[in-house]
Structure formats: C-alpha cells, structure tokens
Amino acid sequence: DQYKKEIDQWVIGSAEDLENYRIRFLGTKGIVKALFGEMKNIPAGEKRSFGQVLNDFKQLAEAKYEDNKGLTDGKDKDTPGMDLTLPGDAFTLGTRHPLSLVRNRIVSIYQRLGFAVAEGPEIEDDWHNFTALNMPENHPARDMQDTFYIQRNPDWVLRTHTSSVQARVLETSPLPVRIICPGRVYRNETVSARANCFFHQVEGLYVDKHVSFADLKQTLYFFVKEMFGEHTRVRFRPSYFPFTEPSAEMDISCTVCGGTGCSLCKHTGWVEILGCGMVHPQLLENLGIDSTQYTGFAFGMGVERIAQLNYRVNDLRLYAQNDLRFLQQFTSST
Ligand code: PHE
C-alpha cells in the first residue's frame, strides 16, 4: 500500500523522469523485483494471496510506465504535458514556378496524344546539338544560334535547342518514336526584357511509316485549342531549319489583345510560338534510319513565350530573378 501511494505521487514530466521511475519500480534492482524476492520468506499458506497482491502491484507500476511512454516515443494517446487543443503551427506551402506550370500543361496535352517524355543532357556534344542535325562545322545555320562553348573541351556546348534530344532518341530507340522533350536551352544573347541567355523549349518528334505534314498540323491544332482555347486561330509561315524540310513557323492569334494589337504581338495580332517541319531525310540517314521507309515530323516551342501569352508577363527576366512578389502570384497546384 505504501508503494502504491508512491506510484500515485510520481509526476512524470520528461523522459528523464520516466527513466527514473522505471529504475525505481521496474528495474532489476527496483521495488517490484525486490518484493517478488520476498516471496521465499512468506509462509506457505499465505503465498497465494501475497502473490495476488504483488501481481496487482506489478501491473499498476507497469501501466503507469506505459501510459507515460508517449512522452518519449510520441505514440501515446494521452500525451501528458501537451495541450492538444492548441491550434497547430501554420506553415506556408510554396507556389509552383510559372514556367513549371506551363510546361506541365504542355506535357499533359501531348501525353494525351500518346507522346512519351524524353530527356537529354544540357551539356551536349557537337554531334547531337549540330552535326547529326545537318549542321556540319561550317554550316551558316550555326550562326543562327550564339553558342556557349565549354572551355575545357571544344566538343562540348550548352545545348542551344532541345532538338539535340531528337538525335539522341533516334540513335537509341526502336521505331516508331513519339516523344516530347521539355528542357532548358542556352544562347549567348544580350540579356534584356525580350531575351535571356537561357530559356525553355518543348521539343516534339514523331517518326513512323507514313507520317505526313497533315499529321503535324493536326497535332499542333489540337495543342493550340487545348492550350489557348477553342477560338484561337493558327497560321503557318514557311521557314528554314537545317534539320527539317519543308520547315515552317507557327503563329497563333494573340491571346492578350485578341488580335486587335498589343505590344506582345507588336500590333500584328499574331504571336510566333514554335518552329516545326518534316524531319529531314538526311537526319534520319545520319542516325541509321532508312529514309525511304520512314518519315517524321518535329517541332520546338518556347515555354517562356507561351507563359507570356497565358500570364501577360512583360519582362522575361522576371522568370529567373526569384522575386517572391512575382512568384507568389501563381497559385495553381498542377
Ligand atoms: N530547334 C528549333 C529552334 O531552336 C525549333 C525547331 C524544332 C524547328 C524542331 C523545327 C523542328 O528554334
């Protein structure tokens, strides 16, 4: 009885208290053990009732220990010393970067058409970024892109477009291939509101038997309607890329001014969002594919430009300045 009272009086407020309690009552030199040790001195007739009292006591001591264990392992339901009615600490979730939001939307639209996502390195070799794409060393088209070369190795560049992934995928994947590749690309341009030294593209590539320009157009039409809405208009202008033939650039009717004229579309009502074309047969041959059997289309679109159309951002540099006042305006979770 005396010990029962003592158990009652113990206040356990910390892990240290708990351990002291355990040593006092339940340890190898503790009270429970000692009392059981007394058993041998009890007359045979009383052993039974004494044993019962002892067992009760042992259970009491253990129950209090178990109840308070939550203090240290956090699992206890009663959690003494903690007020569960207090409100929790609020924490703020970050927001997704606008370019990530736009890229995710672009990717999910093409995924619904059966395009798989492929990726390639940002530090690229000359072969994949240029040569395999029909841009041999002195090709004038290399000047179209001001390239960052890696000083340690003149064979290495920061990729100037995601078209390098076309070469990588065609080199390694069995046909047919239908992929998109979102990624960052680099060009040595003077940084201004309209140009940065890096930006983002989503490349698309489809190579199979009987792929035609009509397939390319339908794919891009579908994309535009999904991305910008049913009423967006589209136009193709003939263009030139060494790795496609024929080549085109695609404009959409400006979603900012609805075609009436604004600074984003430079008052023309049209905004260019991508370059595209039929994969040049020479490119297929460069990568070991029989160009009499297979054809394909490819396109490359600028993510910043599409984000600008969606969010009306007027200075490209904002995307990379980590200014929370800018970033916190984009709150979607996808
Ligand atoms: N790579 C081109 C660019 O950087 C875009 C493009 C991709 C054009 C695929 C045609 C086909 O502008």
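What counts as what
- Residues numbered from 1 in each chain as written.
- Predicted model: local features only at pLDDT ≥ 70, side-chain atom pairs only at ≥ 80, totals over all residues.
- Heavy atoms only, no water.
- Core = buried A, V, L, I, M, F, W, Y, C linked by side-chain atoms within 4.5 Å.
- Buried < 20%, exposed > 50% of the residue type's maximum accessible area, 1.4 Å probe, protein only.
- Contact = heavy atoms within 4.5 Å.
- UniProt positions renumbered as here; feature names shortened; annotations may be inferred.
- Helix = DSSP H or I, 4+ residues; strand = E, 2+ residues; numbered from the N terminus.
- 1 Å grid on protein atoms, 1.4 Å probe; cavity = no way out; pocket = protein on both sides within 12 Å on 5 of 7 lines; lining within 4 Å.
- Points joined across faces, edges and corners; volume = space filled by probe spheres on them.
- Nonpolar A, V, L, I, M, F, W, Y, C, P; charged D, E, K, R; others polar.
- Salt bridge = Lys/Arg side-chain N within 4 Å of Asp/Glu carboxyl O.
- Near = heavy atom within 4 Å.
- Polar contact = N/O pair within 3.5 Å; in protein donor to acceptor, adjacent residues only side chain to side chain.
- Areas by Shrake-Rupley, 256 points an atom, 1.4 Å probe, with all protein chains shown as cover.

Participant: Whenever I open this one, the nonpolar core confuses me. Can you help?
Facilitator: Core analysis: the biggest nonpolar cluster contains 43 residues, and Ile 106, Phe 223 and Phe 299 have the highest contact counts within it. Aside from chain neighbours lying at most four places away, what touches Phe 299 is Tyr 110, Ile 180, Val 202, Glu 203, Gly 204, Leu 216, Leu 220, Leu 274, Gly 275 and Cys 276. Listed in part, the 25 residues of the second largest apolar core include Phe 130, Phe 241, Phe 243 and Leu 287.

Participant: Just to check I follow, could you spell out the UniProt feature "binding site: Mg(2+)" (unreviewed entry) in the protein for this structure?
Facilitator: Following the UniProt record, one finds the feature "binding site: Mg(2+)" (unreviewed entry) at Glu 245. Along the polypeptide, Glu 245 turns up in strand 7 (residues 244-253). Each residue touching Glu 245, except ones within four places of it in the same chain, is listed here: Met 278 and His 280.

Participant: Looking at this structure, I do not really get the layout of surface pockets. What am I missing?
Facilitator: To find leftover empty space, a probe the size of one water molecule is rolled over the atoms. In this structure, the second largest pocket occupies an estimated 300 Å³ of space. Leu 99, Ser 100, Arg 103, Arg 184 and His 200 are the residues nearest the centre of the second largest pocket, which is lined by 19 residues in total. Tallying contributions element by element places strand 5 (residues 198-208) first for the lining of the second largest pocket, with 5 residues. Classifying every residue of the lining of the second largest pocket gives 9 nonpolar, 6 polar and 4 charged.

Participant: Sorry, what's going on with the pattern of salt bridges here?
Facilitator: In the structure shown here, the tally under the stated rule is 11 salt bridges. Here Arg 168 ties to Glu 124 by a salt bridge, and the two come within 2.7 Å at their closest N and O atoms. In this pair, Arg 168 is assigned in helix 7 (residues 163-172) and Glu 124 in strand 2 (residues 123-125), connecting sequence segments 44 residues apart. Look at Arg 168 and you get partly exposed, because its relative accessible area is 25%. A residue is classified by how much of its surface remains accessible, and Glu 124, at 0% relative accessible area, is buried. For Asp 125, the salt bridge identified is with Arg 168, shortest N-O distance 3.8 Å. With Asp 125 in strand 2 and Arg 168 in helix 7, the pair connects residues that are 43 residues apart, well separated along the chain. The network of salt bridges with shared partners includes Arg 235, Arg 237, Glu 249, Asp 251 and Glu 272.

Participant: Could you clarify how one ought to interpret the site of the ligand in this entry?
Facilitator: Among the 15 residues in the neighbourhood of the ligand, the closest are listed as His 161, Ser 163, Arg 187, Gln 201 and Glu 203. Between the ligand and His 161, the relevant distance is 3.2 Å, taken from a nitrogen atom to a side-chain nitrogen or oxygen of the residue. Here an oxygen atom of the ligand sits 2.9 Å away from a polar atom, N or O, in the side chain of Arg 187. About the coverage of the ligand: the protein hides 92% of its 330 Å² of free accessible area. No other element matches the 3 residues that strand 9 (residues 295-302) contributes to the shell around the ligand.

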